[in-house]
Amino acid sequence: MPDHPDDRRYSREHEWVRVDGDHAEIGITSYAAGELGDIVFVEVPEIGARLSQFAAFGVVESVKAVSDLFAPVSGEVTEVNAALRDQPELLNSDPFGAGWIAKVKLADARELDSLLDAAAYAELTAG
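Predicted, not measured: the structure shown is a model, and the values here were computed from it.

A. How the structure looks around the overall build of the protein chain. Looking only at helices and strands, the protein chain has four helices and nine strands in total. Computed over the C-alpha atoms, the radius of gyration of the protein chain is 13 Å, within 12% of the 14 Å expected from 2.2 N^0.38 for a compact globule of 127 residues. For the C-alpha atoms alone, the extent of the protein chain along its principal axes is close to 35 × 35 × 25 Å. Within the protein chain, the fraction of its 127 residues that count as buried is 46%. In the protein chain, once contacts between residues fewer than 6 apart in sequence are set aside, the share between residues at least 24 apart is 63%. As displayed, the protein chain has an accessible area near 6400 Å², and 47% of this comes from carbon and sulfur atoms.

What follows is the structure, given as structure tokens:
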């Protein structure tokens, strides 16, 4: 899988979003997972929680640091990845697959315009 899959949009805070109709799946990038190191805990939002674009919605703890998760889009949480409670390391081993964090019903698809495409995100993280 490429470092930054083309079927997603990316935030400058290193979260990704993949849209399917009026729903979106959210996770952190492989770059973020690599910078954090071995992830040992993930705080996911509650189903029904309302996320606001770029606002904190959870926490990731690693052996190196604690970092807030920031919503790349606004919306209502419809599903969370319960597997992360017992296997937070999925964010390291499969950040673009089994390591997704939450699914939301999009509040405003126009918010995607303020996010980066894969090429722009690759430039951001090349530094």
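B. Main features of the pattern of salt bridges. Applying the stated criterion to the full structure yields eight salt bridges. Of the charged contacts, one joins Arg50 and Glu76 as a salt bridge, the two residues approaching to 3.5 Å between their closest N and O atoms. On the criterion of sequence distance, the pair formed by Arg50 in strand β5 (residues 50-51) and Glu76 in strand β8 (residues 75-80) is long-range, its members being 26 residues apart. A residue is classified by how much of its surface remains accessible, and Glu76, at 30% relative accessible area, is partly exposed. A salt bridge links Glu79 to Lys103, with the nearest nitrogen and oxygen atoms 3.9 Å apart. Pair noted here: Glu79 is in strand β8 and Lys103 is in strand β9 (residues 102-106), with a separation of 24 residues, a long-range link. According to the relative accessible area criterion, Glu79 is partly exposed, its value standing at 35%. Taken together, the salt bridges that share partners define one network made up of Asp7, Arg8, Arg18, Glu25, Glu79 and Lys103.

C. Representation of the packing of aromatic side chains. As enumerated under the stated definition, the model contains two aromatic pairs in all. Ring centres of Trp16 and Phe96 lie 6.1 Å apart, and the angle between their planes is 40 degrees; on these two criteria the pair is classed as tilted. Here Phe96 lies in the loop between α3 (90-93) and β9 and Trp16 lies in strand β2 (residues 15-20), a separation of 80 residues in the sequence. Assessed through its relative accessible area of 0%, Trp16 is described here as buried.

D. Representation of the sheet that holds strand β4 (residues 39-43) within the structure. The three strands lie next to each other as β4-β6-β7, forming an open sheet whose pairing is antiparallel. Single-partner strands in this sheet number two, and they are β4 and β7 (66-70). Averaged over all pairs of adjacent strands, the angle between their axes in this sheet comes to 25 degrees, without regard to strand direction. The pairing of strand β6 (residues 56-62) with β7 spans five bridges and is classified as antiparallel. Counterpart to Glu61 in the pairing with β7 is Val66.

Calculation notes
- Residues numbered from 1 in each chain as written.
- Predicted model: local features only at pLDDT ≥ 70, side-chain atom pairs only at ≥ 80, totals over all residues.
- Heavy atoms only, no water.
- Helix = DSSP H or I, 4+ residues; strand = E, 2+ residues; numbered from the N terminus.
- Rg over C-alpha atoms; globule rule 2.2 N^0.38 Å.
- Buried < 20%, exposed > 50% of the residue type's maximum accessible area, 1.4 Å probe, protein only.
- Contact = heavy atoms within 4.5 Å.
- Areas by Shrake-Rupley, 256 points an atom, 1.4 Å probe, with all protein chains shown as cover.
- Salt bridge = Lys/Arg side-chain N within 4 Å of Asp/Glu carboxyl O.
- Phe/Tyr/Trp six-rings, centres within 6.5 Å; stacked < 30°, edge-to-face > 60°.
- Pairing = 2+ DSSP bridges.
- Axes fitted to C-alpha atoms, helices over the stretch in contact; angles between N-to-C directions.

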